[in-house]
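# A closer look at the structure
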Amino acid sequence: MDQLAVMKAFCRIVERGSFARAAEDLGVSPALLSRDTKRLERRLGCTLLHRTTRRMSLTEPGRLYYEECRRLLEELEWVEDRVREGSRRVAGRLRINAPHSFGMTVLSPRLPGFLERYPEVELSLALDDRVVDMVESGFDLSIRIRAALPDSGLIARRLGTVDQRLFASPAYLAARGVPRTPEALADHRLIGYLLADDPGQWCLEGPEGRTSVPVAPSLEVGSSLMLRDMLIAGQGIGTLPDFISATEEAEGRLVRVLPSHALPARHIFAVTASRLGTDARTLAFLDYLREALAPAA
């Protein structure tokens, strides 16, 4: 027996003064309401309603039970209204997890605009290049950059696409020469990324199709930002996503290597634990980030 449903049904019977009218309101049969009321009385060990063919009246225990049920149901309705109102209001603490490099280069310059738009939001942003268990860690939203996400109970929304290419500094290329083919990379110093899906190879897509390049790096780092700095310092050739490389390339500190080749595109996913459970502040951040990442017209 669903106790909450029985409480609601009992209150409706009392207020309508009839099993038949209450059953019509609730969309059930009068026999079902009568059966549930008898079960309730057996469970409580007392009679709640005096019933005759012509009229129905509350016993003293029945009046007490009705008054307390009505009070509890009104309090429950008040709580639900408060929660429902809070879920529509863009306010409260929002806990986000994102890759360190993405957080520093993409989120950091955009967060002030979000906080100005929604001043009642308290933002908690944790940066970690490793994939964390967002439910266990208590995050409302996790940003992940992957070619694809594994099947799970999480809900993923794709916000954008990331291009990833090979780069080196002008000084390095001037000293060591410019590779013209993927195979020529074997003669160069390569910088690896420890958290890559497959650190031992680069899968390059170019005019001739896909080429797998073995990577035996002379230097490996676990941060895309440090990798960028090592490339600028002339330490070798490495891969960078466009949100890190764009400024450095535009200002001439980095040069594309094998410009007709690229690694497979990766996607920016916003991951939440539940589609239905996503509250107003999370949805507001998703909309704001999607707007901020949209390509300029």
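First, a word on what this report is: a plain description of the structure on this page.

Let us now look at the overall build of the chain. The helix and strand tally for the chain stands at 10 helices and 13 strands. The C-alpha atoms of the chain give a radius of gyration of 31 Å, which is well past the 19 Å a tight globule of 297 residues would have. Projected onto its principal axes, the C-alpha coordinates of the chain cover approximately 105 × 40 × 35 Å. Contacts in the chain between residues far apart in sequence, at least 24 positions, make up 73% of those at least 6 positions apart. Only carbon and sulfur atoms are counted for the fraction: they give 50% of the accessible area of the chain, which is about 16600 Å². Taking the average place of the 40 positive charges on the side chains of the chain and the average place of its 40 negative ones, the gap between the two points comes to 7 Å.

For the structure shown, the criterion picks out 5 aromatic pairs. Arranged with centres 5.4 Å apart and planes meeting at 90°, the rings of F102 and F243 form a pair that is edge-to-face. Here F102, found in helix α5 (residues 100–117), pairs with F243, found in helix α9 (residues 242–250); they are 141 residues apart in sequence, far enough to count as distant. The burial state of F102 is the same as that of F243; both residues are buried. Through a chain of ring-to-ring contacts, three or more aromatic side chains come together here, namely F114, Y118, F285 and Y288.

To continue, consider helix α3 (residues 30–44). The terminal C-alpha atoms of α3 lie 21 Å apart, and with 15 residues this matches the ideal 21 Å at 1.5 Å per residue to within 8%. Looking one or two places after α3, you find G45, whose phi comes out positive at around 75°.

Here we take up the pairing of strand β3 (residues 92–98). The sheet contact formed by β3 and strand β4 (residues 121–127) spans 7 bridges and is parallel. Residue pairing for β4: N97 is matched across the bridge by A126. Taking the sense of rotation as the criterion, the β-α-β connection linking β3, α5 and β4 turns out right-handed.

Of all hydrophobic cores here, the largest spans 31 residues; its most connected members are F102, I143 and F285. Elements that contribute at least two residues to this core include exactly β3, α5, β5 (141–146), β6 (155–168), α8 (224–232), α9, β13 (263–272) and α10 (280–293). Setting aside chain neighbours within four positions, we find F285 in contact with L94, I96, L107, L111, F114 and L141. Among the nonpolar cores identified, the runner-up in size contains 18 residues, and A23, L40, L48 and L73 belong to it.

Right, let's talk about the packing of α5 against α10 for a bit. Remark: α5 packs on α10, axes separated minimally by 10 Å, with the N-to-C direction vectors making an angle of 120°. When the axes of α5 and α10 are compared, the pair comes out oblique. In the crossing of α5 with α10, the sense of the turn from one axis to the other is right-handed. Only R281, A284, F285, Y288, L289, E291, A292 and L293 of α10 make contact with α5, whose side of the interface consists of F102, V106, L107, R110, L111, G113, F114 and R117. Of the residues that constitute the contact of α5 with α10, the class distribution is 11 nonpolar, 1 polar and 4 charged.

Here we take up the environment of S18. Locating S18 in the fold gives a position in the loop between α1 (3–16) and α2 (19–26). A C-alpha to C-alpha distance of 10.0 Å links S18 and R54, two positions 36 residues apart in sequence. Once residues lying within four places of it in the same chain are set aside, the contact partners of S18 are I13 and M56. Engagement of the side chain of S18 in a polar contact is seen with the backbone nitrogen of R21, the distance being 3.2 Å.

In this section: the side chain of T37. The residue T37 is located in helix α3 in this model. Within the structure, the side chain of T37 is placed 2.8 Å from the backbone oxygen of L33, a separation counted as a polar contact. Residue contacts for T37: discarding those within four places in its chain leaves I13, F19, L49 and R51.

Definitions and cut-offs
Residues numbered from 1 in each chain as written. Predicted model: local features only at pLDDT ≥ 70, side-chain atom pairs only at ≥ 80, totals over all residues. Heavy atoms only, no water. Helix = DSSP H or I, 4+ residues; strand = E, 2+ residues; numbered from the N terminus. Rg over C-alpha atoms; globule rule 2.2 N^0.38 Å. Contact = heavy atoms within 4.5 Å. Areas by Shrake-Rupley, 256 points an atom, 1.4 Å probe, with all protein chains shown as cover. Lys, Arg positive; Asp, Glu negative; His and termini not counted. Charge placed at Lys NZ, Arg CZ, Asp CG, Glu CD. Phe/Tyr/Trp six-rings, centres within 6.5 Å; stacked < 30°, edge-to-face > 60°. Buried < 20%, exposed > 50% of the residue type's maximum accessible area, 1.4 Å probe, protein only. Expected span 1.5 Å × (residues − 1). Pairing = 2+ DSSP bridges. Right-handed = clockwise from strand over helix to strand, strands pointing away. Core = buried A, V, L, I, M, F, W, Y, C linked by side-chain atoms within 4.5 Å. Axes fitted to C-alpha atoms, helices over the stretch in contact; angles between N-to-C directions. Parallel < 35°, antiparallel > 145°, perpendicular 65-115°, else oblique. Left-handed = near helix turned anticlockwise from the far one by under 90°. Nonpolar A, V, L, I, M, F, W, Y, C, P; charged D, E, K, R; others polar. Polar contact = N/O pair within 3.5 Å; in protein donor to acceptor, adjacent residues only side chain to side chain.

Keep in mind these values describe shape, not function.
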